[in-house]
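Each chain is listed here by its residues.
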Amino acid sequence: MDNAVLKALRSRRSIRRFKPGQISDAELQAVLEAGTWAPTAHGLQDPWIVAVQKPELKERISKLNASVWGREDFDPFYGAPTYVLVFASRPEKTLNGVPDGSLVLGNMMLAAHSIGLGSCWINREREMFETPDGKALMAELGLPEELQSGLMGVGALALGYPAHEAPAPKPRKEAYWRVIK
Ligand SMILES: Cc1cc2nc3c(=O)[nH]c(=O)nc-3n(C[C@H](O)[C@H](O)[C@H](O)COP(=O)(O)O)c2cc1C
């Protein structure tokens, strides 16, 4: 079988170099809205999505991510013009924060690809937002104040216009699935 969605699933690749221009507001909105259509446990729409385009804030996010990683010489967001951070409830409240947030990120990556944008999942948000600097940063992201202490970082996207061709994908591993009838 084949259709536009299946083609997009196969052809999306992580993009790690971006053209310098900012994406349009309409493109950003399409990506963010796609995130909101992800399924969530009990339909609670627990995750929160924060897109960051402000250079000063992006720099702090990159630096904090790099320092948590122990690679201060490197921009973990690959110079992307837009960062998208996803937060969800901590395990003390629900064990669904990571799956919920991951599906939001997955929807956004696929949506980005479908409209010609490039994206890459950037890790370490959980660790970043556990640090005092991360907590201070979180307070500047416009999240509801009363919820902030109950939230954790799930993941982030580097987002922008791709500056390289999609790399050839690794072949899918042998016997990735089985069907028991
Ligand atoms: C949970 C998760 C964490 C990831 N973290 C990073 C990361 O920190 N930096 C990065 O460059 N890529 C990261 N990636 C992207 C993977 O390396 C990439 O999806 C994988 O190599 C497959 O390539 P593809 O996305 O092009 O199919 C992450 C992907 C996932 C799902």
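Described in the following lines is the structure provided in the data block. Keep in mind the model is a prediction, meaning the values are calculated, not measured. (Residues numbered from 1 in each chain as written. Predicted model: local features only at pLDDT ≥ 70, side-chain atom pairs only at ≥ 80, totals over all residues. Heavy atoms only, no water.)

Concerning the site of the ligand
- Near the ligand the following residues occur: Arg 12, Arg 13, Ser 14, Arg 16, Tyr 78, Cys 120, Trp 121, Ile 122, Asn 123 and Arg 124.
- Side-chain polar atom of Ser 14 to an oxygen atom of the ligand: 2.6 Å apart, as the coordinates give it.
- Measuring from a nitrogen atom of the ligand, one finds a backbone N or O atom of Trp 121 at 3.3 Å.
- Alone, the ligand offers 620 Å² of accessible surface; in the complex the protein occludes 61% of this.
- Of the residues in the shell around the ligand, the class split is four nonpolar, two polar and four charged. (Near = heavy atom within 4 Å. Polar contact = N/O pair within 3.5 Å; in protein donor to acceptor, adjacent residues only side chain to side chain. Areas by Shrake-Rupley, 256 points an atom, 1.4 Å probe, with all protein chains shown as cover. Nonpolar A, V, L, I, M, F, W, Y, C, P; charged D, E, K, R; others polar.)

Thoughts on the packing of helix H2 (residues 25-36) against helix H4 (residues 97-114)
- Relative orientation of the contacting elements H2 and H4 amounts to 145°, with a least axis distance of 7 Å. Crossing angle aside, the handedness with which H2 passes H4 is right-handed. Between H2, through Val 31, Leu 32, Ala 34 and Gly 35, and H4, the contact on the second element is made entirely by Val 104, Asn 107, Met 108, Ala 111 and Ala 112.
- Among the residues making up the contact of H2 with H4, the classes are represented as seven nonpolar, two polar and no charged. (Axes fitted to C-alpha atoms, helices over the stretch in contact; angles between N-to-C directions. Helix = DSSP H or I, 4+ residues; strand = E, 2+ residues; numbered from the N terminus. Left-handed = near helix turned anticlockwise from the far one by under 90°. Contact = heavy atoms within 4.5 Å.)

Some remarks on helix H3 (residues 55-69)
- In a regular helix each residue adds 1.5 Å, so 15 residues correspond to 21 Å; H3 covers 21 Å between its end C-alpha atoms and thus fits that length.
- Buried within H3 are the following residues: Leu 57, Lys 58, Ile 61, Ser 62, Leu 64, Asn 65 and Ala 66.
- Check the buried side of H3 and you find it contacts strand S1 (48-52), strand S2 (82-89), strand S3 (118-122), helix H5 (125-128) and helix H6 (132-138).
- With its phi angle positive at about 80°, Gly 70 sits one or two positions after the end of H3. (Expected span 1.5 Å × (residues − 1). Buried < 20%, exposed > 50% of the residue type's maximum accessible area, 1.4 Å probe, protein only.)

As for unusual backbone geometry
- Non-glycine residue Arg 124 carries a positive phi angle of around 80°.
- For Arg 124, the position within the fold is in the loop between S3 and H5.
- Overall, the relative accessible area of 16% leaves Arg 124 in the buried class.
- With a phi angle near 50°, Ala 175 is a residue other than glycine that sits in the positive phi range.
- With respect to the element layout, Ala 175 can be found in the segment after strand S4 (151-160).
- Judged by relative accessible area, which is 52%, Ala 175 ranks as exposed.

Brief notes about the pairing of S2
- With respect to burial, S2 is a largely interior element, eight of its eight residues being buried.
- With five bridges connecting them, S1 and S2 associate as antiparallel partners. Bridge pairing in S2 places Ile 49 opposite Val 86.
- In the sheet, S2 pairs with S4 via eight bridges, with the strands oriented antiparallel. Note on S4: the bridge partner recorded for Leu 85 is Ala 156. (Pairing = 2+ DSSP bridges.)

Description of the packing of aromatic side chains
- The full count for this structure, using the stated rule, is four aromatic pairs.
- On the numbers, 3.9 Å between centres and 20° between planes, the contact of Phe 77 with Tyr 83 is stacked. Note on accessibility: Phe 77 and Tyr 83 belong to one class, buried.
- Through a chain of ring-to-ring contacts, the aromatic side chains of Trp 69, Phe 74 and Tyr 78 assemble into a single cluster.
- It is Lys 173 that lies over the ring of Tyr 176; its NZ or CZ is 4.6 Å from the centre. (Phe/Tyr/Trp six-rings, centres within 6.5 Å; stacked < 30°, edge-to-face > 60°. Lys NZ or Arg CZ within 6 Å of the ring centre and 35° of its normal.)

A closer look at the environment of Glu 165
- Residue placement: Glu 165 occurs in the segment after S4.
- Since its relative accessible area comes to 71%, Glu 165 is described here as exposed.
- Placed 47 residues apart in sequence, Glu 165 and Gly 118 show a C-alpha to C-alpha distance of 9.8 Å.

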